[in-house]
Amino acid sequence: QVQLVESGGGLVQAGGSLRLSCAASGRTFSSYAMGWFRQAPGKEREFVAAISWSGGSTYYADSVKGRFTISRDNAKNTVYLQMNSLKPEDTAVYYCAAGGTIVVVTTTPEYWGQGTQVTVSS
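These figures come from a predicted structure and were not determined experimentally.

A. Broad picture of the state of the cysteines. One pass over the full model with this rule turns up one disulfide. Each sulfur in the disulfide pair Cys22 and Cys96 lies 2.1 Å from the other. Measuring handedness by torsion sign, the sulfur bridge of Cys22 and Cys96 sits at about -85° and is left-handed. Of the two residues, Cys22 is situated in strand S3 (residues 18-24) and Cys96 in strand S9 (residues 92-99); the sequence distance between them amounts to 74 residues. Under the relative-accessibility criterion, Cys22 is labelled buried at 0%.

Given below as structure tokens:
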């Protein structure tokens, strides 16, 4: 069982930056691939980024590639999403997710956080 708690959301102007954190409970954090998803009002939840258990492989949605960076610190049981050059269309609730493999975490995650709101003003 893994419990995920996101933090770091807020209001930022277009062009600004935010760093989201996701703290995981449980001793098996390092064995899970981790991901970030987002859901804007009236839209489906969509994949943003994922990272392998070791941190050696990362994957991004085309819409955030080059602007967002996912990373993890297994010693701290935490995964991060550094978001730069933010745009109003990045406004959404951002969710942390965990899965046994990269394929699982990017398609049908096993665990979800409660979400954190990111609002980008123009």
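Moving on, there is more to tell.
B. Summary view of the pattern of salt bridges. Evaluation of the coordinates by the stated rule reveals four salt bridges. Close ionic contact of Asp62 with Lys65 constitutes a salt bridge, the shortest N to O distance being 3.1 Å. The residues Asp62 and Lys65 share a single accessibility class, namely exposed. The closest approach of N and O atoms between Arg67 and Asp90, which form a salt bridge, is 2.8 Å.

C. Molecular detail of the sheet that holds strand S8 (residues 78-83). Strand order in the open sheet formed by four strands is S1-S3-S8-S7, with antiparallel pairing between adjacent strands. At either margin of the open sheet sits one strand with a lone partner, and together these are strand S1 (4-7) and strand S7 (68-73). Strand-to-strand twist of the sheet, defined as the mean angle between neighbouring strand axes without regard to direction, takes the value 15°.

D. Region of interest: the nonpolar core. In this structure, Leu4, Met34, Trp36, Leu81, Met83 and Tyr94 are the most contacted members of the largest nonpolar core, which totals 30 residues. If we ignore the near neighbours within four places in the chain, the residues touching Met83 are Gly16, Ser17, Leu18, Leu20, Arg67, Phe68, Tyr94 and Val118. Ala33, Phe37, Ala50 and Ile102 belong to the second-largest nonpolar core, a separate cluster that totals six residues.

E. Fine view of the packing of aromatic side chains. This model, assessed by the stated rule, comprises four aromatic pairs. For the pair Tyr32 and Tyr111, a centre-to-centre distance of 5.9 Å together with 80° between the ring planes defines the contact as edge-to-face. Of this pair, Tyr32 sits in the loop between S3 and strand S4 (33-39) while Tyr111 sits in strand S10 (residues 111-112), placing them 79 residues apart in sequence. With respect to class, Tyr32 is no different from Tyr111; both count as buried. Centre to centre, the rings of Tyr95 and Trp112 are 6.4 Å apart; their planes meet at 90°, and the pair counts as edge-to-face. Of this pair, Tyr95 sits in strand S9 while Trp112 sits in strand S10, and the two are 17 residues apart along the sequence. Cluster of aromatic residues (ring-pair linked, three or more members): Phe37, Phe47, Tyr95 and Trp112.

Analysis parameters
- Residues numbered from 1 in each chain as written.
- Predicted model: local features only at pLDDT ≥ 70, side-chain atom pairs only at ≥ 80, totals over all residues.
- Heavy atoms only, no water.
- Disulfide = S-S within 2.5 Å.
- Helix = DSSP H or I, 4+ residues; strand = E, 2+ residues; numbered from the N terminus.
- Buried < 20%, exposed > 50% of the residue type's maximum accessible area, 1.4 Å probe, protein only.
- Salt bridge = Lys/Arg side-chain N within 4 Å of Asp/Glu carboxyl O.
- Pairing = 2+ DSSP bridges.
- Axes fitted to C-alpha atoms, helices over the stretch in contact; angles between N-to-C directions.
- Core = buried A, V, L, I, M, F, W, Y, C linked by side-chain atoms within 4.5 Å.
- Contact = heavy atoms within 4.5 Å.
- Phe/Tyr/Trp six-rings, centres within 6.5 Å; stacked < 30°, edge-to-face > 60°.

Nothing here speaks to function; it is all geometry.
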